[in-house]
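This is what each chain is made of:
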Amino acid sequence: MAFLSNNFRAFLLFFFALLSVNTAWGEHLVGGDLTYKCLGKNAAGLNEYEITLYVYRDCIPSLQFPISNTPFDQNVIIYIRDGRTFNPVRQLNIPFRDSVILQLTTSDTCVSPPTGLCYALATFRNTVALPDNPNGYFLAWARCCRNRTIQNIIQPESSGMILPAFIPNTALCNNSPEFVETLPTYICVNALFQFDHSAIDPDGDSLVYALTVPFTAGDRANPFPVPSAPPYQAVNWLPPYNINNVMNANPNLTVNSRTGLMQVRPRQTGQYVFSLSVYEYRNGVLLSEVKRDIQINVIDCPINLPPEVERPTSSQINGDTLIFYRGVESCFDFKILDLNGPGVKEDKVSVQVEGDIFDPVYGARFTAEQGLAPLDATICWAPSCEVDNIPNDRIIIQATDDDDCPGPNITRDTLYIKILPGTVFPPDMECVSVVGDNAIQLTWNGLDPGDRLGFQHYQIFRQEGNEWVPLTTVSDAAQHTYTDSTASNTNSRQYCYRVQTIKMCPDLLVSEPGLELCSTSGDDIQLCRVTVMRDSGVEVLWNPLNIPSFYSFRIYRKGDNEQDYELADEIFDPSASRWLDTLNTAADGSWCYRLALVDLCGAELFSRAHCTIFLNIRENNDELLLNWTDYRGWPGGIDYYELFSIPETGTDELLANLPAITRNYTDASVTLEEGKYCYQVKAIEAIPGCGFESWSNVACYVFVPRVYIPNAFTPNNDGHNDIFLIRGGFIRDFQLSVYNRWGTELFTTLSIENGWDGTYKGGPVQEGVYVYRFSGTDFDGNRIERSGSITLLR
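Only a predicted model underlies this, so the values are computations on that prediction, with no experimental measurement involved.

Attention now moves to the confidence of the model for the protein chain. When pLDDT is averaged along the protein chain, the result is 88, and 91% of the positions lie at 70 or above. A low-confidence stretch, residues 62-69 (pLDDT under 50), is modelled with 13 contacts involving residues beyond four sequence positions or located in other chains.

Here Gln500 is to be found in strand S32 (residues 496-504). Within polar-contact distance, the side chain of Gln500 engages the backbone oxygen of Ser511 at 3.0 Å. What Gln500 contacts, discounting residues up to four positions off in sequence, is Pro427, His457, Tyr458, Gln459, Phe461, Val510, Ser511, Glu512 and Pro513.

Right, let's talk about the state of the cysteines for a bit. When the sulfur atoms of two cysteines share a covalent bond, that bond is a disulfide. Tallying each qualifying case throughout the model produces nine disulfides. Disulfide pairing is shown between Cys528 and Cys690; the S-S distance is 2.0 Å. Taking the sign of the S-S torsion, about -105° here, the bridge from Cys528 to Cys690 comes out left-handed. On the criterion of sequence distance, the pair formed by Cys528 in strand S35 (residues 527-533) and Cys690 in the loop between strand S48 (676-685) and strand S49 (693-695) is long-range, its members being 162 residues apart. When its relative accessible area of 5% is taken as the criterion, Cys528 is described as buried.

The subject of this paragraph is a nonpolar patch on the surface. Residues Met504, Leu508 and Val510 make up a contiguous nonpolar surface patch of roughly 270 Å² in combined accessible area. Mapping Met504 onto the fold places it in strand S32.

Let us now look at the sheet that holds strand S44 (residues 623-628). Read across the sheet, three strands follow the order S43-S44-S47 without closing on themselves; strand pairing throughout is antiparallel. Lying at the two open borders of the sheet, with one neighbouring strand each, are strand S43 (615-620) and strand S47 (664-667). Sheet twist, expressed as the mean angle between neighbouring strand axes with direction ignored, is 20°.

The five strands are arranged S52-S59-S58-S54-S55 in an open sheet whose pairing can be described as mixed. Looking at the sheet topology across the chains shown, the edges are occupied by strand S52 (712-713) and strand S55 (745-749). For strand S54 (residues 732-739) and strand S58 (residues 768-777), the ladder comprises six bridges, and the chain directions are antiparallel. Bridge assignment links Leu736 to a residue of S58, and that residue is Phe774.

This brings us to the pattern of salt bridges. The full count for this structure, using the stated rule, is 28 salt bridges. As a salt-bridge pair, Asp203 and Arg282 come within 3.4 Å of each other at their nearest N and O atoms. In this pair, Asp203 is assigned in the loop between strand S11 (199-200) and strand S12 (206-212) and Arg282 in strand S15 (residues 270-282), connecting sequence segments 79 residues apart. Among the residues examined, Asp203 registers a relative accessible area of 30% and is labelled partly exposed. Judged by relative accessible area, which is 22%, Arg282 ranks as partly exposed. Salt-bridge contacts for Asp320 lead to Arg311; the nearest nitrogen and oxygen are separated by 2.6 Å. What emerges from the salt-bridge pattern is a single network uniting Arg462, Glu464, Asp484 and Arg493.

Rules behind the numbers
Residues numbered from 1 in each chain as written. Predicted model: local features only at pLDDT ≥ 70, side-chain atom pairs only at ≥ 80, totals over all residues. Heavy atoms only, no water. pLDDT = per-residue confidence, 0-100. Contact = heavy atoms within 4.5 Å. Helix = DSSP H or I, 4+ residues; strand = E, 2+ residues; numbered from the N terminus. Polar contact = N/O pair within 3.5 Å; in protein donor to acceptor, adjacent residues only side chain to side chain. Disulfide = S-S within 2.5 Å. Buried < 20%, exposed > 50% of the residue type's maximum accessible area, 1.4 Å probe, protein only. Patch = residues over 30% accessible without salt bridge, like charges linked within 9 Å, V, L, I, M, F, W, Y side chains within 5 Å. Areas by Shrake-Rupley, 256 points an atom, 1.4 Å probe, with all protein chains shown as cover. Salt bridge = Lys/Arg side-chain N within 4 Å of Asp/Glu carboxyl O. Pairing = 2+ DSSP bridges. Axes fitted to C-alpha atoms, helices over the stretch in contact; angles between N-to-C directions.

So, in structure tokens, the structure goes:
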């Protein structure tokens, strides 16, 4: 009866760290069990059982339940086999009933539940009617996979589980045992853990408890395996772990066989799996087994430590001293931590501050979050230009852990302040944008309100040759733009600017010149080429740029005959130099493109427009007349065009080199044997730049098939009309067949050059009427079919 160790019931999950939430829920299985209740005979005389499957898994606490991106299966399949022969009996579909989020608990009331953990339990339930069977029935459900962070088995992320049950002789109408409680959701390292893991049996049968090896089935490639017949495959233990050494512990994990009391003192944090089985005996005979598959999580549960004030790092902090400058607002950001260790939640913390500088007379500000740590706190102060010293130069930040067990923990951090003479900084230049042929707009970050004490004006400089020349002043500290209307030829000339800040606090303060920023001229925004790619749209190439205020590239597009450009795409990579227009149908006509450089202030600077070559074909008296639009965009124009013939197979053939002023060509080499002709034009840049060449679309012309079929012929060897021959051209896959009135095929050929000479099997046929059938395709693949009669006269 060893195979009876395959019956599952509710089990528990614990978790050490929240796993990735972007994988399928089957990769986060942490247990489940399969139980049954006997409902007696139904009206048809069959044995009816209520089957219940419980499945535990990780979930996402921030989303609550249901978990939108990793839902439970909506249906599961229970596979039922005969209890002795193991032959398949049937498959039972069990629907998803409900699900709950499990409360996080532990045996230590002074240990707060860890954050980032969430456990969900799903219930699947249905009834099944089974015929009488003294052998009983095996039931099994399988699913993959377990958590990859499990430490005591090999490749847990590719290890699934089988949840089995056994119904003994149906005449017994047996009910499976049920565990009374689920384990706490986590246990603490280095702490003795004891738990009453007993079960009850509705039939009053005797129960015996034991640790057993979990079963596995499926893998990531087969997440819904069909369970094999028992015995089932055990998990592969990772040495030195086994069922007698489930985790690194002293004492090891054990269970009392009579009471179900489980105990262990783990010595190492981690995640471990094992099974706990309860065996059901009646009158000394083993009936069944409920096997609880358990993933147990051991976490670090330190004592609740007091909060910690984490000071910022800054050049304005010297040991315990915060340095402030007159006329300038300085802010210091603190972090309030409550480091209770992994697996234990951060506590609720309240934060206060003491210090004379927070008196309204001095105007310092303190802001702090209140609630669950970690929390942010900030001290900001702009000493006035007149302040020198204050009576009390201390600041005390107090953090109180209100959730500590058994009472609050308080941390007080003392700092000191030092006031130095004022300083001044130039504003941060953001953009130098060309906004007209003779206008450039400067944009900078104006001084923060806390830095405006004693402000006089901004001084703007422009570079003239090698000299920086004062351009103008701006007296409003909140102003952050200025337009230089004295800049000329902005599309071909670069202008550079600097800004200084002037203060009186209480003495004159002049900042260093701000970081210079230069304009980008229109000539710098250079499209290299636009060219038609044979299979993937139009490629737009440009010279890469390096400007400090880059925001994006914008690609604008229009048809050659359209009036306005439309935005086709925006690229935020400053190193980009290529864009592929995959939505463009280049065979519809010529398309024009412009590249716009957008700076951080939203100003656009446009390149010259470039337009693709559009090649068109028409036919005249079996000659093909080609014409194309010129390529437009290269400053030096076009050197010459190259015209290529593109066969269906083989390499392209250069037909002609043509002057830049020529945009047409006549191909008189058309033959009746070929019905499809394709061409492409390439333009060569006249003055070597970054474009070099540009291709047109591939244009093709397909001739209409020509078919002439005579209605009579005279095979008398007089040299005139002796052969029944189809005349025509621009046909491929030719076939001609001739039949007599009884349907006998007299002649067939696959070549238009061959015809029927009026014979069959070497001898002449009689005069009369015969039937022909002709079929073929044109060079576009369209089917051609003709049939009729032909009169043979001698």
